[in-house]
Amino acid sequence: MLAERLGAHPQCTPEVKAEVVGAFEWYWANELALGKDDNYKMSLEEYIDNVAAARASPSNIEQLRTKIVPMLANLFFKVIDVNANGVISIEEFKYFHEACGIYDKRDTQMAFDALDSNHNGTISREEYVNGQLEFWLGDDVNAPANLMWGPLDPPNAGFCAALQRCFRR
């Protein structure tokens, strides 16, 4: 589970890890599994279908934009910012990418640069949350935030390809 891998960072406190794992479990059970079974198990394809269906509904889009994506993005930020200084460094982002199974340093640097919209060498909470919102809800297949999980193949593959790349690892 991605939350477990992120929470395994040596500087991640048990409290933050528990908060992140709990949020992912809530998100999965209440927003994505949609009653598939008592164990909330589903295939990657079912997950992508459920996310795509949620993105297709105007009422869901508003909930995703104002509640779910910001909540998860802020939790991710809290875990990635392991020294809790309020910004994500390239070293912290590299650990995040490795937890996601992305090991190519060029991919990590490209993604980091795409999210660092003011180009100051760090990713602020606002930049990170905006990037997550663009990734999950944006329609522009060429948006810089689509590089959050590394480059897509083909380059204009978009949202579903990015999800597959991250969660198949």
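Positions within a chain are numbered from 1, following the residues in the order the chain's sequence is written. Note on the predicted model: pLDDT of at least 70 is required for a residue's local features to be given, and 80 or more for side-chain atom pairs to be given and counted; whole-chain, interface and lining totals, by contrast, use all residues. Based on all heavy atoms of the structure, the side-chain values leave hydrogens and waters out of the count.

### Focus on the side chain of T108
Test applied: By the criteria applied, helices consist of DSSP H or I runs no shorter than four residues and strands consist of E runs no shorter than two, each listed in order from the N terminus. Should any heavy atoms of two residues lie within 4.5 Å, those residues are counted as being in contact.
Counting through the fold element by element, T108 comes out in helix α6 (residues 105–115). Those residues in contact with T108 that lie beyond four places of it in its chain are I90, F93, K94, H97 and I102.

### Let's talk about the nonpolar core
This is how the line gets drawn: Within this scheme, the nonpolar core is defined by two criteria: the residues are buried Ala, Val, Leu, Ile, Met, Phe, Trp, Tyr or Cys, and they are joined through side-chain atoms within 4.5 Å. The buried label goes to any residue with under 20% of its type's maximum accessible area, the exposed label to any with over 50%, and the partly exposed label to all in between, with areas taken from a 1.4 Å probe on protein chains only.
Among the nonpolar cores identified, the biggest contains 38 residues, and F93, F96 and Y128 are the most heavily contacted of them. Listed by contribution, the elements that provide at least two residues to this core are α2 (14–32), α3 (44–56), α4 (58–80), α5 (90–99), α6 and α7 (125–137). The element best represented in this core is α4, accounting for 11 residues.

### Observations regarding the pattern of salt bridges
Pairing of side chains with opposite charge becomes possible as their charged atoms draw close. Spelled out, the test is: Should a side-chain nitrogen of Lys or Arg be within 4 Å of a carboxyl oxygen of Asp or Glu, the pair is scored as a salt bridge.
The final tally for this structure, using the stated rule, is 2 salt bridges. Among the salt bridges present, the one from D104 reaches R106, with a minimum N-O distance of 2.8 Å. Exposure remark for R106: the relative accessible area of 64% places this residue in the exposed category.

### Let's talk about the confidence of the model for the chain
Keep this limit in mind: The quantity known as pLDDT measures the predictor's confidence residue by residue, on a range of 0 to 100.
Chain-level pLDDT for the chain is 77 on average; 73% of the residues reach the 70-or-more range. Per-element confidence in the chain ranges from a low mean pLDDT of 56 for helix α8 (residues 159–167) to a high of 98 for strand β2 (residues 123–124).

### Focus: the packing of aromatic side chains
How we decide: A pair of aromatic rings is counted whenever rings of Phe, Tyr or Trp (Trp by its six-membered ring) have centres within 6.5 Å, and the orientation is called stacked for planes under 30 degrees apart, edge-to-face for over 60 and tilted otherwise.
Taken as a whole and judged by the stated rule, the model has 5 aromatic pairs. Measuring from centroid to centroid gives 6.2 Å for F77 and Y128, while their planes differ by 55°, and the two rings are tilted. Of this pair, F77 sits in helix α4 while Y128 sits in helix α7; the two residues are 51 residues apart in sequence, bridging distant segments of the chain. Residue F77 is classed as buried on the basis of its relative accessible area, which comes to 0%. We classify Y128 as buried; its relative accessible area is 0%. Here the aromatic rings of F93 and F112 are separated by 5.8 Å at their centres, their planes lie at 65°, and the arrangement is edge-to-face. Taken as a pair, F93 in helix α5 and F112 in helix α6 lie far apart in primary sequence, 19 residues in all. Each member of the pair F93 and F112 is classed as buried. Site record: aromatic cluster; members linked through ring pairs are F76, F93, F96 and F112.

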